[in-house]
Structure formats: C-alpha cells, structure tokens
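# Examining the three-dimensional arrangement
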Protein chains: 2
Amino acid sequence: MKNIVIKNLMVAGLLTIPATMWAYTLESPGKIVSLEADVKDGIPVYSISYKNKPVIKSSSLGVKLVEVPDLTDGFEVVGTQASSFDETWTPVWGENDSIRNHYNEMVLELRQPSTDRKMNIRFRVYDDGVGFRYEWPQQRGLDYFVIDDEMTEFAMTGDHTAWWIAGDYDTQEYNYTESRLSEIRDKMSSAIDGNASQTPFSPTGVQTSLQMKTDDGLYINIHEAALVDYSCMHLNLNDTTLVFRSWLTPDAQGHKGHIQSPAHSPWRTVMVSDDARDILASNLILNLNEPCVYEDVSWIKPVKYMGVWWEMIAGGKQWSYTYDLPSVRLDETDYTKVHPLGQHPANNENVKRYIDFAAENGFDQLLVEGWNVGWEDWFGKSKDYVFDFVTPYPDFDIEMLNNYAKSKGIKLMMHHETSSSVRNYERHMHQAYDLMDKYGYNAVKSGYVGNIIPRGEHHYGQWMNNHYLYAVKEAAKHKIMVNAHEAVRPTGLCRTYPNLIGNESARGTEYEANAGINPGHTTILPFTRLQGGPMDYTPGIFEMNISTFNPNNPAKVNSTLARQLGLYVTMYSPLQMAADLPENYARYMDAFQFIKDVPVDWQKSIYLEAEPGRYIVAARKDKNSNDWFVGCTANEDGHTSTISLGFLDKGKDYEAVIYADAKDAHFRNNPQAYSIVRKKVNSKSKLRLTAAPGGGYAISIKPVNL
Amino acid sequence: MKNIVIKNLMVAGLLTIPATMWAYTLESPGKIVSLEADVKDGIPVYSISYKNKPVIKSSSLGVKLVEVPDLTDGFEVVGTQASSFDETWTPVWGENDSIRNHYNEMVLELRQPSTDRKMNIRFRVYDDGVGFRYEWPQQRGLDYFVIDDEMTEFAMTGDHTAWWIAGDYDTQEYNYTESRLSEIRDKMSSAIDGNASQTPFSPTGVQTSLQMKTDDGLYINIHEAALVDYSCMHLNLNDTTLVFRSWLTPDAQGHKGHIQSPAHSPWRTVMVSDDARDILASNLILNLNEPCVYEDVSWIKPVKYMGVWWEMIAGGKQWSYTYDLPSVRLDETDYTKVHPLGQHPANNENVKRYIDFAAENGFDQLLVEGWNVGWEDWFGKSKDYVFDFVTPYPDFDIEMLNNYAKSKGIKLMMHHETSSSVRNYERHMHQAYDLMDKYGYNAVKSGYVGNIIPRGEHHYGQWMNNHYLYAVKEAAKHKIMVNAHEAVRPTGLCRTYPNLIGNESARGTEYEANAGINPGHTTILPFTRLQGGPMDYTPGIFEMNISTFNPNNPAKVNSTLARQLGLYVTMYSPLQMAADLPENYARYMDAFQFIKDVPVDWQKSIYLEAEPGRYIVAARKDKNSNDWFVGCTANEDGHTSTISLGFLDKGKDYEAVIYADAKDAHFRNNPQAYSIVRKKVNSKSKLRLTAAPGGGYAISIKPVNL
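Residues numbered from 1 in each chain as written. Chains lettered and ligands numbered in written order. Predicted model: local features only at pLDDT ≥ 70, side-chain atom pairs only at ≥ 80, totals over all residues. Heavy atoms only, no water.

Turning our attention to the pairing of strand E16 (residues 210-213) of chain B. All names here are of chain B. Across 3 bridges, strand E13 (residues 161-164) lies against E16 in antiparallel orientation. Of the residues in E16, the one forming a bridge with Thr161 is Lys213. When E16 meets strand E17 (residues 219-225), the two strands line up antiparallel, connected through 4 bridges. When the sheet's bridge partners are listed, Met212 is paired in E17 with Ile220. Two successive antiparallel strands, E16 and E17, enclose a turn made up of 5 residues, where Gly217 displays a positive phi of approximately 90°. (Pairing = 2+ DSSP bridges. Helix = DSSP H or I, 4+ residues; strand = E, 2+ residues; numbered from the N terminus.)

With that settled, the discussion passes to the relation of the copies chain B and chain A. Turning chain B through 180° and shifting it by 0.0 Å along the axis lays it on chain A, with an RMSD of 0.0 Å. Between the two chains, the operation in question is that of a two-fold axis. Of the residues that chain B buries at the interface, 100% are likewise interface residues in chain A, meaning the two copies contact each other through the same surface. (Least-squares fit on C-alpha atoms with pLDDT ≥ 70 in both. Contact = heavy atoms within 4.5 Å.)

What follows deals with the environment of Phe123 of chain B. All names here are of chain B. In this structure, Phe123 sits in strand E9 (residues 117-126). Spatially, the C-alpha atom of Phe123 lies 9.4 Å from that of Arg268, the residues being 145 residues apart in sequence. In this view, Phe123 contacts Leu26, Leu35, Ala37, Tyr46, Leu61, Asn104, Glu105, Met106, Leu108, Gly131 and Phe132; residues no more than four positions away in its chain are not counted.

With that settled, consider the pairing of strand E36 (residues 686-691) of chain A. Residue and element names in this part refer to chain A. Burial along E36 is one-sided: the residues Leu687, Leu689 and Ala691 are buried and none of Lys686, Arg688 and Thr690 is. Pairing between strand E33 (residues 639-644) and E36: 6 bridges, direction antiparallel. Within E36, the position partnered with Thr640 by the bridge is Thr690. (Buried < 20%, exposed > 50% of the residue type's maximum accessible area, 1.4 Å probe, protein only.)

It is worth spelling out the sheet that holds strand E28 (residues 500-503) of chain B at this point. All names here are of chain B. One open sheet accounts for 7 strands, arranged E28-E27-E26-E25-E24-E23-E29; its pairing is parallel. In the strand order of this sheet, the two ends are held by E28 and strand E29 (575-578), each with one partner. Adjacent strand axes in the sheet meet at a mean angle of 30°, parallel and antiparallel pairs treated alike. Pairing geometry for strand E26 (residues 443-447) and strand E27 (residues 481-485), over 5 bridges, is parallel. Across the sheet, the residue bridging to Ala443 is Met481, located in E27. On top of the sheet, helix H8 (residues 422-439) reaches strand E25 (411-417) and E26; it is set at about 170° to E25, its chief contact. (Axes fitted to C-alpha atoms, helices over the stretch in contact; angles between N-to-C directions.)

Think of a sheet as strands paired side by side through backbone hydrogen bonds, with each pair either parallel or antiparallel. Residues and elements named next belong to chain A. Read across the open sheet, the 7 strands follow the order E28-E27-E26-E25-E24-E23-E29; overall the sheet is parallel. Both edges of this open sheet fall to strand E28 (500-503) and strand E29 (575-578), since each of them pairs with a single strand only. Each strand of the sheet is rotated relative to its neighbour by a mean of 25°, with strand direction disregarded. Both strand E27 (residues 481-485) and E28 contribute to a ladder of 3 bridges, which runs parallel. Across the sheet, residue Asn483 finds its bridge partner in E28, namely Gly502. The strands touched by helix H8 (residues 422-439) are strand E25 (411-417) and strand E26 (443-447); relative to E25, the strand with the most contacts, the crossing angle is about 170°.

All names here are of chain A. Going from Thr208 to Ser209, the amide bond is cis rather than trans, its omega being -5°. Turning to its location among the elements, Ser209 is positioned in the loop between strand E15 (205-207) and strand E16 (210-213). With a phi angle near 45°, Lys51 is a residue other than glycine that sits in the positive phi range. By the element assignment, Lys51 lies in the loop between strand E4 (43-50) and strand E5 (53-60). With relative accessibility at 45%, the residue Lys51 sits in the partly exposed group.

Given below as structure tokens:
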C-alpha cells in the first residue's frame, strides 16, 4: 500500500473517548458518519450515525463457536489502536480511473478473561459508511476453530422500506421485493420462485447487499467486502425488534466456517447517505478490499461481446448435440456415432455467422455455449464426471473457428459450465486452461448451475467461495479472465483479482425468456448486486416478443428497446454483452449503433438521478476519449428526467445522439417504439427526457470536431 | 480377455431348472459349490451350498433407493443368460505367476412391472466360492438414481465363529475379535479402541472381508471385489436371525451411492471351503476384477524398502521441523526463519545414513516421511491447505539426496500424507507427481489420516473411493506406483491397476509402538484383509522393547523376532518394508540375512498349514530363481508344524536355512531368542518346527549348486 497516512488519531482528535454512554467514538474524515463502540456487560457493541441521525442502533458483535466457548460475551477491552488513511489508487478497469480511499480506523482489542482468548474488531469509517471486521490474532487457545454462526447485529432504527431478495444458500436469482421490514415475513413465499438449486433458510432471511430507505430519507445499505475463505453472510431479521443478525451459509455438516488464526472475517459494511446517488457512487466495498495482487495486468482488458446463447435461452434450441443419449459417459460415448438433433447452435456455420456479425460491428469476443461434449445429461443428475471442458462436439471445429475469429479480429470466449460438479471442474481445470492457451481464448464464462458436488455443500459456503477464488487465481496464471455465473455474489474482490471481470449472481436478462423480470429490476441492481462488482447482466434485447423467433415461447421482455440501450450505462460492467440474435439487431441497426459506440471502460462516472426501485440515470466518460454516455432505466411508472450536462467540458461543443422511448412506448405493449434524435449540446445544456413505463434512454455525446 | 470359452450352459447341463423349490441352480465347474436363485413373492433370493452343505441360506437381494420406488420387490424373471469361462491370466506381480479364472455364470434378468424398470443379477460360481453383483442396464426410468442402502442378505446357517473388526466408515485399524456371531453385540465396545478418524455405526456392524468358521468345519468368507465408483460394503448382523445385511458407507448427506446406468455394483463374494488353506489360496477376488488396463506395465516393479519412519512411529521423533509454529500457512510461513527442533529425522545426514544401509543390504528404495513442509499443524485441525507436496523442509535437500540414493543404486520413495484434505491433494497432485518425475521417484506412499475434507464424507464412501482410484490412475500416467494408507480396504483392483502396489487398510506394525497388536493378528489378516490385495504391513521389527531406543515409550512388540521374518512370506505383498532402525538390524545381521534374501515376487505359492487366529505356514517360490521360502506366524499359543517339502523339485538337493524361535522364546518375555540352522533338504524332507507363543519361523531353501 502506498501513500499511507497514519496519525495518532487521539492526538488528531479523531478518536475521542467522551463521557457519554459510548466508550469509543470514531468519526469519518468529513465528520459525516460516526461510529460508536464499546463493551457493555462483556458484550461488544457498536452503533452508527449519519449527520447525527442514528443509522444502526446499539448492536452486539460476536461469533458462536462449535464445541468451545463462544466469542460473544465475557470480553474486556485491553487496548485500542487508531489511525487514518488516505490514498488514491488506480483500478485496472472501473467506473472511474482513480479512486480515493479515505477513512479513519479504530481497532478494539478484546480479551475474554475466562478463556484467555483475544479477538479484535477493526472499524473503518468513511464519509459514505462503515466497514468493520472480526480479527483473530494467532494464539494458542484459538489456532483453529469452527464457527457455529456469526452473531453480528444490525439494529434498525425503524420499519424501513427495503428492496430485498430471499436469503438462500444457493441462488440469488430472484426478483426483488419492495416492502417494509415488517412485511418481509408475509411476502417471503411470493418472493421465492423456482430455481435450479435453491435453499431458502428463514421466513425473514434476506440477502446482501440489502438496500433500505428510512422514512426520513436515509438510504442504508448492508453488505460485505472481501469475502475470502469464509462463508457468505445473509441477514435474518427479528421482525419484532427490527434487528438483523448475520446468518452465514453452512457447510455439509451444518457448520459455518473453519478458521485458522491469524484470520479475519470479511468486512461487514453499512453504507449510508441522504442522497441515493451517493450509494451508487460509493467505492466503499472496493476500498475495503486489498490492492491488486498481480504484477502484470496488461492482459486484463474489458470486453464487449456477443454470444451463441440467446438462441438457446430464448430460442428453444439446445446446448446438447443429440437426443440419442439418455446418459453420457465421457470416456465411452462416441458422438460421431449418434444422430445429431440438427438444431445445435454451436456448429461451425452458425458460429461463423456470429463471428462475421460480431466482427463487422466491432465486438471484442464471441461466447459460444454448447461447444463441448456432455450436455445431454448435464443437469439435475448429481453427475460427477459431467464435462471434460476440452472435447468439442463433432460439429464444432475449435481450431478452425478460433482461426476464423482471429482472422476477423475477434476472439472466441470459452464456456465452462460445471453443472456444479466442482471436484470434476478442478480435476480438469488445468487442461481446460491449457486448451484455452492453445487456441488463444483469454476469457471464460464459467457456470455453477444445480446443486453442488461435493454434495451437501452450498453455492455460498466457505468451500465454494474458496473454489471460486481458486479458479480465478489459477486462471490468472494463464492470463485468463473469468466471468463466473451462479457463483457467490461479489464483494469487491475484483480490485484484488481484476481478472474476475464479471459475475452473474443475480437475476439477469435470461429470465426475460422464462420466469420474467420485474420492470423495476434494473433500478435496484446497481444499489444492491453491483455494489460488490460488475454483473454480466447481458442487456441489449431488441426483440421483446420471444415468439417472433420461437413460437413455443410466449415470454415477453419487460423492457423497452431504448431502456435496453440505457442499461449499457446504468449497469456498470467491464464485460458487456449484446445478447440478442444478429438477425434481431439487423432490423434495428440505427439503435444498434449505440451498442457499437458504448465503451466498456470509463474515466469518470456520475449518477445524475437515482431512486431505488424507480429510476437510475448515469453519465460516464469514456476512458479513452472525451465522449460521454448517458443511460436511464425506469420502473413500470416510467420516469421524466431533467438532466444538466454540466459534466461536459466547458466551452466545448458536442453532438448528442438521444435514443429514447417514443411517446407511445410501453414495455408491455409497445416496447420497440423509439426515437433517435441528434442534437448539439454543451455544458450548459439541459435535457428533458422521458422514459416510458419499463423504459429508459441512452445518449452518446461526442465532441464536435471542428 | 483371452481364451474365453463360452458355452450354452443349458446345453452343457450346467444350468438346470429342477422341479425343486429353486427355479435356478448353477454349479461350479468342479460341482463343489452350488448357487440357487429365484424370485419368490417378487423378491430375488439366492442361497449357496458347498459339497451339498448349506453355506448361505435363502437370502434376499435388492437395493433401496432415495425418492423413487425401491428395487427390492415386485420383480419377475424375464430372462436368464448362462455361460462358462475358463482363462489363465498372468499377473504383473503376485503370489503366483499365472492364475486360472474358471467359473460358470448366470444372469438373472429381472423386471419390476409396476415401474417398468430392469435390474439384472449376475452370479459367478467358482469351486472356491461365489461372486454376484447387481447390474442396472441403461434405461429411461433408471438413468440416474441414489441408493438409500443395499439390502443384500447373507443368511448364516448357524452361530459361527467369526474373526471380525467393528464396522466403521473411517477406519479398519482395529484388532480382530474372535467370537460367535451371537456374541458380537456384547463384544463390540471392547472391539473398538481409539483412532484418528472413526465412525462405528452399529452394535452388530462388522467389516469385510469377514472370516467365519462353522461348527462342522466350513470356512466361509464374505467380502467384495472390484469396488469402483460405489460405496464400501459393511455387514450388519441381525443377531436374532443370524442374517447379515449389506450396509454401505454413506455420503455427507446420508446417501449411499449416486449411480448412473449402465452400472453395476461391486461383486459380493462368498468364499467357502472345508480347508482353511483354500481360503488363503483363493484367487476369487482377483478373478472377479477386470484385467489390467495398462498397455505397458514394464515400469511396475515389486519393491523391498526401508524407511525413515520407525524413528517417528516408535522412536518419538517428529515429522515436523519446529515447535515454533502453532499454525502454518504454506504460502506465508518461512521455515528458514524458525528454530528447528533439532530431532527431525528427515534430514540430509540421517537420510544419507539410511541410504547407505539400505543400499549396502540390497534394498530397492528408502521411504522418507516428514520431508515436506506443513507437519507442524497437519493433524486434527480440519485444515484445508495442509501440505503442498512439493516443498522440502530446509534440512532435506531433495536433489542431493535423490542423486546420492541413485549413486548407491536405490531410489527414494515419496511420501504424500494428505491429512485427508482431499481437495487439496487433488489440487496439488499433478505438481506433486511432476516433482517425483523430476527427481526420479517412482513410488509414493500416500496417507489419509484424520477426518475427510470435503467434510462429512467418509474414508470408505463413494466419493473417496473415486478419489483413491483417481490418484492411482493419474499416478500411472507418470509411471508411479501407489501405496495408499488409510484408504478403503482393497478389493482386488490391483489386478486392473497393478501400480496400486500396496495398501494399509488394517492394523499394521505401527500399532506395536502404541495401542498394541494381538499376537494372533497376523494369523487372521491373510484370511481377511489380504483377500483384496497386498498390505504394507511393514514387518521386520527386531528390537521388541521400544524403550531400548525410546525411553519414553514402554511399548513392546507382540512378536518374536523369528516370526517377524516369517511375515515376509506369510503376508504376501509385492511391497515389503524392513521397518526397524538400521542400528537394530546391525545387532542381528545373521537374522537380517533372511530379509535381504527374501524376494517380493513369486512364481508359486502354497499354503502348508492354516487356521485363522491360530497359525499360517506358507511356502513360496521366487519368481526369478528356484529358491523357495517358507514362513510361519502363530498366535499366543505358538504352533508346531510338521511340513513336507514335497513342493521342491524331485531329485534336487537344497540347502535350507531355518530361522526359528529358540526353545525358550516367547513374545512376551524373550522375543529375540532365535536360532539359525542350516540343513540339506530335498523333496522328500519333512521338517518339524515349533513357533513359540507369538512366534513363527522363516526358511530359505536354495538349490545346492553342485
């Protein structure tokens, strides 16, 4: 770490021990957020306030252990440390090309006299929130221990409005429910719909990041940062007291963590502001993560891609090659002897067609799913040796297609669906990465659909969290970027491991083709899911009536076309897909121009308007030019913006191309009605723009070259 | 498979459908063993008889499944197949240089009309017993299924005497208990003593191979063959009815097998004879395994070895390098900065001393344990990243020592203790094997001490059985031989994968240094544990009073010295250790000569005398010469043999060197009293020899070169 400024905060007056009920108080650098901590009756407690308003009421801290005394009470404070930190760092990719990490820090050193064990709690207080974590110094009485559960409380100050999804050990792919905290229990059953692997655990259990709003206008967000070798945290609400308690994901034996000291928990984070835009702009999660561990990051590059994908997701075509095989044994099945079902999209001709289209339109990569043997019985069988990740189907000429793509200036993107058979994936991972090296792949979309093998483990437990990071680190040895689907929700690890270029970990566009996505979904995700890192949301659907190309699928996409463009700006990611079929884009090439133009890496980002569940308007400046891009997404009520372009360089002229919903557009019955307007603008311009219900807009703003 | 003779047994009269209570009867080639099978009231049943004496009474067959109807009843016979097989095959190594596989076979094709599912039961009847297995043809209604338990019964004909160890999902390292079947329950608690990982499951649960003897002198042995991708079978006794039922090892979720059809269970085996020696001589288990899958087996060679091992096991020295580290992080701990504890046997000088001694005395290899970093906290912590298998301690110069060994004409043997952290082992396996390639190791002793990670899995469940075989197959790609300790008990897989050169899987010599081994233990193991494959029993202890070299350890080895020599013959293994310290051998170089002389691969083996729990006398002819070797082991009562040397070539003169207990020898108070006598013998000679209590003898018999 560079540019570290450590001061004695006692001397600097940052850490005060007032004669109040709280023994220790730590303020943020701008004195906006205040953290109070103490040990009361032997129990560590903390509270948080924002501009003197309470945010988290007095809440206890501690960890219950298996077989040995808990680390929940009987503590005394044996020391404190305080410091300040101010550093500006440069992400490999991101919403901004530099990020300031500025906080005051306090460590509460605790000792449990009855057991002579020590535990520290480290607090970092920022102007936009607080992070704290448990630390277990190496010590003879606590070298190894097993967590029964973490007992961290987050005591709410009232019956806030929350945007939540059901707590679940195996999926995050739910629509959000907006409700009062007190209504969570009643709404839980309707909040849960079917998924390939799901394990809800409590009628008042919810996931992080959890976005809330108080009746007096405070936006509060609870999440975690730097989830490494630990179990993912959920929140379980006591809806009588309105106190959330941490609820970790268990392992196959019901335990929630195997810890070797010295160790620490992930950071528990509370973001707070009276302006919703600050929550979106916050870098608290990234800042609480460790700096990048890679010396060379030149090989990590943002990616705009298309995919042989929507044909299967929405189009009803198959990843598999044949119907002949009720079950496959990879070491025995001879695919050259089966009858191809004849509609397998990952075939040479079709892939070449996509390559041509993607290359012509300036994309970086083309994802091809269903290229490898094993899809005939890949799901729901708890099958161990389900894929080998190296053997193509007979109709996918891996060498030819990679050469063809290369000749057109693009790369193929690898696909590693694991079917959650994780031992099998690790057994084949190195040969799989070697194959990628051989043919020039530099990015892989991995997937973890279905129940985990080793059986009894969960997607978000310590075991799997260890695996996801292992896959990322091993990929880095091959200069491979990873976009892991169905993996644990991100917690900012992309700062430390920036080849973790994307994750799914929420309900993405694929659901538009089946269970459906609420129109307001994308007005919530940036507050919640995106706090931890980019999402491979796969926007860009232009044909909202799936039946147009798949008569068997009556699904309709709950979005206007213009909003699909806006998502490339509102849903920050260094990995952006244009998810629809080439033939659907071909019908709207004027609108497709925005997807071709929009960058995937940024110099600067500004949130112009935001309200969770309602609308988000973001403006971002291209990392490599002076072009700006604006995006809006709105819920089913639509949204009218009046945005000022004050972020543009003063005195410069720009041309804006505004891709907006037509006046009569509506996500439900007229989603493809849009207008494209060109307009000269400058830093003094104001634009009044209307997003239709379930709509949005997108603007590219380029300096006029005189 | 070569030399296959298949006939229509109906035509040949081998398969008969008599008008008795049994629909199907199949006799062994020599008409010694008879198998009856039928479906009665929808339930498949079988029985076995030997020379018209019942061995297994009518016993039901079936499998209980999870979530779908069981495969236990409601069956009808829809077809039968019958055939005969007679082949002689050549093992890569073994007790004999060729093995005849001669059986009659019947397949009972079953259908369950209510579910339209099919299951076959394949029986093979040999003159020394029966093997049968379940087969699940590929079928839409049974592509994948989960076993709740296998319901195979073995109904005993009486309250036999049994030599048994407690059924346990995680250890086999118990002393045997000899009792009536009806006494198992009462003796169970005393049959179980502590172990690093143990999970007994029932007061009447026992392990296979289970050796029994009926009151009228039949020896019956129940085991399994070819345990692949299935859970290990235990036996649970209904001690009212005296019916054993199969009891599979569960996974972390309590399930007992995930099966993909087409599939089959391992063979369930019943060996039977009225002569105990036939049980020892039986090749039924090997014959039921598949032929060797490797094209090139030239790299697989039997091994006689010494080890830097007994110093730690008995001598109280440490595998670990330092006491400074309460816990180790392999990626952070710097061993060059710690204080060595100074008695770490795997150091350059000590290893060179062993190399010198082993090389001087004609050994092939030297095992070195404790060579690699991580031993400071390797056990009992449920630690995931416990070893990396490639980094030596600072005092072990891997390159120098391998070169030194090579210069002396021997190899070092690798040691991979996994601490049962199996994901970690698989993650590092390839780099570990690569390291072995680099330095010229061609054999590894692996270990699985402690509870399994993935947590909740057991040593003998399908998950781990899959792992053990994976390790063997991957090792074969590097031409590495595997000797896996604490792995599942062998079931003859060494025929198919002959680089599986040894296993522990029972209480071995190491226990002489702590919990103790019953004096009769080695008169039982060949009947039980060795049925499935060789054991790395590690005989050859010459100093019975451990306190002689470790004042802190009062343990005494329950064996005479002469018996320790006999074990090299009675305990067949292509991998034999001379386990004691060089300095202990140095004091008895005349007796040590036998260990130097005894081969580890054989042309022919003959069991001269045998009674489980009492004594075993075996004679074996060296594979590469005309030398014969005889060994005897006896229980606490001792044993007097009169053996005829009729196995020697007629008309040839031999010199026998007889290593026998002295007259006053006794395992308890005079174990090191032995005599060495040279004697001219020929095929007409008879020798009267006495094994002391807990004693034995060994004889080398070499042709006299005129």
